[in-house]
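Chain and residue survey
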Amino acid sequence: MGKLIYFYKDYSARLIFLILTANLFYDDPTLYLYKRIMYSICIYAAVFEIGRFYYQNYKKENLFRAAWFDYFYLPLLGIFILIALSLDLTNPSLKWITLINNPFCLLSAGPIMLYMIGANSESLDKVFDVLLIAFCAFCVVASFPIFGRVKYYQGYISAYAFVPFFILSLHLKRYKVFAALLLLVGIYFSGLSDYRIIAMRILLFGSLLVGLTVVRKSGFLKFLILLVSCIALYHFIANLADVLALFKELLGLKSFDDDDTRGFLWSELFGELKGMELFYGRGFVGTYFSEYFLMILIHYNTYSDHYDRFSIEVGFLELILKGGFFWYFLFITPMLVSSIKGIFVYHKDPLIFHVSIFLFVELMLMFIENIPYFSFQFSLLFFLSGYILKRMYEIKHNRLGTLHAIME
């Protein structure tokens, strides 16, 4: 364990550890004051670390740069944030503490900034140690619900490390068997805790990993597999209740929750957003009205969730609510670029190929869950996207160098 402490000297590992810790304390910051304090300390420390990186390094000539990210993406991101903030400032329900402290609000753009931090990281060894620490946290919190109230939430946050841990274990040749067993633990925990997304993530990643690896030399067959996966995802969403019932039967877990808690959200949100709201959304503190949760209040006299909803359980819909299609395409672009290039162009490199599949899986799951916020999950995703981008550049550079040597 003493060796793991040295991870904190690594800038990238320290940043991801701070975000992980903040998320572990965020689950219900109104329940205990110390949780809000610990969350705020860690999340603003992470913001400070990100700001320090860009302030100290961005003008250095040896900094790795993605030209499209510097000259097109960041200005567009700035324009979106200004539009969203202008909507927030005219929102009569605006609460400043929510806007600047809630990870689903202004801070939700934070993970994107880890893209260039990942692209300028030299090694993943210490980040791997943070993932190992996340597993240790999982063992503790999954076994002992916090004060008898917060059951399994911290285990759910820690479980985001399982698939990246498996990928890096193959790359670093450490704990490979243990990492494979951990995926099985994740599926079991998914049924135990009713966090269905954990099992879906692991099974979808495993399926695409096997399928795309078998046909990795054929661009057409890889495209066909991804296309079939997307079509299957559409039918999954359109027939969610039936698919979840089948999923429960295949897993053999009687405790698995097969209720459709997602399908009606699509019709509710798109039934309310009108005109240009579909393009730029309602701002970081924007809400929408839910007839379903109003009905719950009327018939059962309970606020299981308020009918004036601040957030929505589906990642794609959350992005549409806050920033419309502008925000959705802006948010996914760095991950999508890295994923597609890694699967189709740089498939010979195992790390790039495996991380790219993982990124594609996470993009698909945003149509089921995967709510974007300043989270351990999305921070890892953007960090790994940037890391493999630089690895792609190095491979291309080396290839060009070899070609020039042969020509000379």
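Residues numbered from 1 in each chain as written. Predicted model: local features only at pLDDT ≥ 70, side-chain atom pairs only at ≥ 80, totals over all residues. Heavy atoms only, no water.

Here the focus is the overall build of the protein. Summing up its helical and strand segments, the protein has 18 helices and two strands in all. The 408 residues of the protein split such that 52% are buried. Across the protein, every contact between residues at least 6 apart in sequence was considered, and the portion connecting residues at least 24 apart equals 74%. Element-wise, carbon and sulfur atoms account for 67% of the exposed surface of the protein, whose accessible area totals about 19100 Å². (Helix = DSSP H or I, 4+ residues; strand = E, 2+ residues; numbered from the N terminus. Buried < 20%, exposed > 50% of the residue type's maximum accessible area, 1.4 Å probe, protein only. Contact = heavy atoms within 4.5 Å. Areas by Shrake-Rupley, 256 points an atom, 1.4 Å probe, with all protein chains shown as cover.)

If you walk through the whole model with that rule in mind, you get ten salt bridges. The salt bridge involving E49 is made with R52; its shortest N-O contact spans 2.8 Å. Linking E49 with R52, this pair stays in helix α2 (residues 33-57), spanning three residues, or about one helical turn. A relative accessible area of 9% means that E49 is categorised as buried. Given a relative accessible area of 27%, R52 falls into the partly exposed group. (Salt bridge = Lys/Arg side-chain N within 4 Å of Asp/Glu carboxyl O.)

A word on empty space enclosed by the protein. Considering all chains together, one arrives at four cavities of 30 Å³ or more under this definition. Reported here for the second largest cavity is a volume of approximately 50 Å³. Taken together, the residues that form the lining of the second largest cavity break down as six nonpolar, one polar and two charged. (1 Å grid on protein atoms, 1.4 Å probe; cavity = no way out; pocket = protein on both sides within 12 Å on 5 of 7 lines; lining within 4 Å. Points joined across faces, edges and corners; volume = space filled by probe spheres on them. Nonpolar A, V, L, I, M, F, W, Y, C, P; charged D, E, K, R; others polar.)

The next point concerns unusual backbone geometry. You will see that Y175, though not glycine, has its phi angle at about 60°, which is positive. Of note, D194 is a non-glycine position whose phi angle comes to about 70°, a positive value.

Here we come to the environment of T90. Among the structural elements, T90 can be located in the loop between α3 (67-89) and α4 (96-101). Taking the C-alpha atoms as reference points, T90 and G283, separated by 193 residues in sequence, lie 9.7 Å from one another.

The subject of this paragraph is the packing of aromatic side chains. In the structure shown here, the tally under the stated rule is 44 aromatic pairs. Judged by centre distance (6.4 Å) and plane angle (10°), the ring pair of W266 and F367 falls under stacked. Taken together, the positions of W266 in helix α13 (residues 263-272) and F367 in the loop between α17 (350-365) and α18 (376-407) put the pair 101 residues apart, joining distant regions of the chain. Between the aromatic rings of F325 and F329, the centroid separation amounts to 6.3 Å while the plane-to-plane angle is 25°, which identifies the pairing as stacked. Separated by four residues within a single helix, F325 and F329 lie in helix α16 (residues 315-344), roughly one turn from each other. Using a relative accessible area of 47% as the deciding quantity, one classes F329 as partly exposed. By the ring-pair criterion, three or more aromatic residues cluster together here, those being F80, F279, F284, F326, W327, F331, F378 and F382. (Phe/Tyr/Trp six-rings, centres within 6.5 Å; stacked < 30°, edge-to-face > 60°.)

Let us look at the packing of helix α10 (residues 196-214) against α17. The geometry of α10 relative to α17 is characterised by a closest axis approach of 9 Å and an angle of 135° between their N-to-C directions. Judged on the interaxial angle alone, α17 and α10 are oblique. Of the two possible hands of crossing, α10 and α17 adopt the one that is right-handed. Across the interface between the two elements, I197, R201, L204, F205, L208, L209, L212 and T213 of α10 pack against F353, H354, I357, F358, F360, V361, E362, M364 and L365 of α17. For the contact of α10 with α17, the per-class residue count stands at 13 nonpolar, two polar and two charged. (Axes fitted to C-alpha atoms, helices over the stretch in contact; angles between N-to-C directions. Parallel < 35°, antiparallel > 145°, perpendicular 65-115°, else oblique. Left-handed = near helix turned anticlockwise from the far one by under 90°.)

In short, the description is geometric, and any link to function would need to be established separately.
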